[in-house]
Amino acid sequence: MPALLRLRTVFLLLLLMLGHAVSQAATFVYVSNADSREISVLLLDPAKNDLLLVQTVPVTGQVMPLAVSPDKKFLYAALRSQPYSVASFAIDATSGKLTPIGVNPLPDSMAYVATDRSGKFLFAASYGGHKASVSTIGADGVAQAASQVLPTGQNAHAVLVAPDNRHVFITNLGSDVVMQLRFDAATGSLSPAGVPTFNQRPKAGPRHLVMHPNGRIVYLLNELDASVDVLAYHDASGTLSPVQTLSTLPAGFDGKPWAADIHLTPDGRFLYTSERTSSTLATFAVDASTGRLAVRAHTPTEKQPRGFNIDPSGRYLVAVGQVSHAVTLYAIDAGTGALHPLKNYTLGQNPNWVEIISFP
């Protein structure tokens, strides 16, 4: 009996230690502030439903798109003023703070950056330059100058890497197509797939896209008509096909549509999009079997919400406003997906991009 008691005590202590470790998980929010040329590092405190400023990191240019490496050790920031470049930062897992580790040139002003699934390559898309690039990421985490530059259609806007790391999609807003590309992870090179493009409706303006956690559905947000498309992803061929189209605009909308960003909760149950003319966030429920969407709500948010994101727990959404120069923290209702504003804070000038990561 004493031996069993000791084992039980040790087991309970281990459970307590595990619970303590889980409770101490840290979540950090990174926001690029284009016009004040800085990155804000914030701690998301779930115990207090609060955001706390940890660090303000100056950069040498107009900072916009951000990307985090798959292992969460590095953050990459594209600078869209000349000289066009990518700044690499090491992320401290304890404090969330950033340490600059290198800056290298990019071939143009890049509207989007993303790593491949291995974290060994950085993709970038240029809206004004109508091109995309691939850069090798060194063992030290520093993104190098582009090793491949390829022409795109008009206004390349975003990059999505398939889960198997063999296919890459690049939206072309002005040409109304999504490029369907093969990716060779051994050489770090892109080439056209057998069917090189998914052709979108004229004047839709494909902008950003995300993949459902099941790996079978892609959601495409169109800037010019503020619609969202549900697309089937065919992993064998690396191609997309249409399933459903819905508007992201609120009832009574009057003006020029200007959709911006799109994200899913980590469990894939809810999809959110932002629209800049109405300054709203649209909420959609996702059908678990088909991936089809149903509109649930439109929530007023920061003025001109170019960027937002969802934390890895799926409990919080963070949205920033380019005109309000501020950020709002929302709680996500686990049952309905409804957004409940918790706190609002002033940030730098023209906040436009949000990345969120958690460390156990």
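Computed from a prediction, not measured in an experiment: that's the story for all the values here.

## Focus on the overall build of the protein
- The number of helices and strands found in the protein is one helix and 28 strands.
- Computed over C-alpha atoms, the radius of gyration of the protein comes to 21 Å, within 12% of the 21 Å expected from 2.2 N^0.38 for 360 residues, which places it in the range of a compact globule.
- Across its three principal directions, the C-alpha atoms of the protein cover 75 × 50 × 45 Å.
- By residue count, 57% of the 360 residues in the protein fall in the buried class.
- Contacts spanning at least 24 positions in sequence make up 47% of the contacts within the protein whose residues lie at least 6 apart.

## Let's talk about the environment of Leu-52
- When you line up the elements, Leu-52 lands in strand 3 (residues 50-58).
- The sequence separation of Leu-52 and Thr-290 amounts to 238 residues, and the corresponding C-alpha distance is 39 Å.
- Contacts of Leu-52, omitting those with residues within four sequence positions, involve Val-41, Leu-42, Leu-43 and Asp-45.

## Description of the side chain of Asn-155
- Counting through the fold element by element, Asn-155 comes out in the loop between strand 11 (143-151) and strand 12 (156-161).
- Excluding residues that lie within four positions of it along the chain, Asn-155 makes contacts with Ser-126, Tyr-127, His-130, Thr-171, Asn-172, Leu-173 and Gly-174.

## Focus on the nonpolar core
- Counting residues in each nonpolar core, the largest one holds 50 residues, and the members touching the most others are Ile-39 and Leu-75.
- It is strand 12 that contributes the most residues to this core, five residues altogether.
- Those residues in contact with Leu-75 that lie beyond four places of it in its chain are Tyr-30, Ile-39, Leu-66, Ala-67, Val-68, Ala-87, Ser-88, Phe-89, Ile-91 and Leu-98.

## Things to note about the confidence of the model for the protein
- Taken residue by residue, the protein gives an average pLDDT of 94. The fraction at 70 or more is 93%.
- Low confidence marks residues 1-23, where pLDDT is under 50. Its contacts with residues over four positions away, or in another chain, come to zero contacts.

## Side note on the pattern of salt bridges
- For the coordinates displayed, the defined rule picks out seven salt bridges.
- A single network of salt bridges, built from pairs that share partners, joins Arg-201, Asp-225 and Asp-229.

## Considerations on the sheet that holds strand 2 (residues 38-45)
- On the basis of which strands lie adjacent, the open sheet formed by four strands has the order 3-2-1-28 and antiparallel pairing. At either margin of the open sheet sits one strand with a lone partner, and together these are strand 3 and strand 28 (351-359). When the angles between neighbouring strand axes are averaged without regard to direction, this sheet yields 25°.
- For strand 2 and strand 3, the ladder comprises eight bridges, and the chain directions are antiparallel. Across the sheet, Val-41 pairs through a bridge with Gln-55, a residue of strand 3.

## A few points about the packing of aromatic side chains
- Using the criterion set out here, one finds five aromatic pairs in the structure.
- Pairing Phe-28 with Phe-359 gives two aromatic rings, centres 6.3 Å apart and planes at 55°, and the pair type is tilted. Within this pair, whereas Phe-28 is found in strand 1 (residues 26-33), its partner Phe-359 is found in strand 28, the two being separated by 331 residues in sequence.
- We classify Phe-28 as buried; its relative accessible area is 3%.
- Taken together, a centroid distance of 5.4 Å and an interplanar angle of 75° make the contact between Tyr-112 and Trp-353 edge-to-face. Taken together, the residues Tyr-112 in strand 8 (residues 112-115) and Trp-353 in strand 28 connect sequence positions 241 residues apart. Across the pair, Trp-353 and Tyr-112 agree in class, each one buried.
- Through pairs of rings, three or more aromatic residues link up here, namely Phe-121, Phe-123 and Phe-183.
- Of note, Lys-72 hangs over the ring of Phe-359, and the distance from its end group to the ring centre comes to 5.3 Å.

## A closer look at the sheet that holds strand 12
- In spatial order, the strands read 12-13-14-15; together these four strands make up an open sheet with antiparallel pairing. Two strands lie at the open edges of the sheet, namely strand 12 and strand 15 (189-199), each paired on one side alone. On average, adjacent strands in this sheet sit at an angle of 25° to one another, irrespective of strand direction.
- Where strand 14 (residues 177-184) lies against strand 15, seven bridges are found, and the strand directions are antiparallel. Note that in strand 15 the partner of Arg-182 across the bridge is Ser-191.

## Some thoughts on the environment of Leu-173
- Mapped onto the fold, Leu-173 is located in the loop between strand 13 (167-172) and strand 14.
- In this view, Leu-173 contacts Tyr-127, Gln-154, Asn-155, His-157, Gly-205, Pro-206, Arg-207, Glu-223 and Leu-224; residues no more than four positions away in its chain are not counted.

## Observations concerning the side chain of His-157
- Relative to the helices and strands, His-157 is located in strand 12.
- Taking relative accessible area as the criterion, His-157 reaches 3% and is therefore assigned buried.

## What about unusual backbone geometry?
- Omega for the peptide link from Gln-82 to Pro-83 comes to 0°, which places this bond in the cis form.
- One non-glycine residue, Lys-72, lies in the positive phi region at around 65°.
- Residue position: Lys-72 is located in the loop between strand 4 (63-68) and strand 5 (74-79).
- A positive phi angle is found at His-325, which is not glycine, with a value near 55°.
- Inspection of the secondary structure puts His-325 in the loop between strand 25 (316-321) and strand 26 (326-332).
- Take His-325: its relative accessible area is 21%, and that puts it in the partly exposed class.

Cut-offs used in this document
Residues numbered from 1 in each chain as written. Predicted model: local features only at pLDDT ≥ 70, side-chain atom pairs only at ≥ 80, totals over all residues. Heavy atoms only, no water. Helix = DSSP H or I, 4+ residues; strand = E, 2+ residues; numbered from the N terminus. Rg over C-alpha atoms; globule rule 2.2 N^0.38 Å. Buried < 20%, exposed > 50% of the residue type's maximum accessible area, 1.4 Å probe, protein only. Contact = heavy atoms within 4.5 Å. Core = buried A, V, L, I, M, F, W, Y, C linked by side-chain atoms within 4.5 Å. pLDDT = per-residue confidence, 0-100. Salt bridge = Lys/Arg side-chain N within 4 Å of Asp/Glu carboxyl O. Pairing = 2+ DSSP bridges. Axes fitted to C-alpha atoms, helices over the stretch in contact; angles between N-to-C directions. Phe/Tyr/Trp six-rings, centres within 6.5 Å; stacked < 30°, edge-to-face > 60°. Lys NZ or Arg CZ within 6 Å of the ring centre and 35° of its normal.

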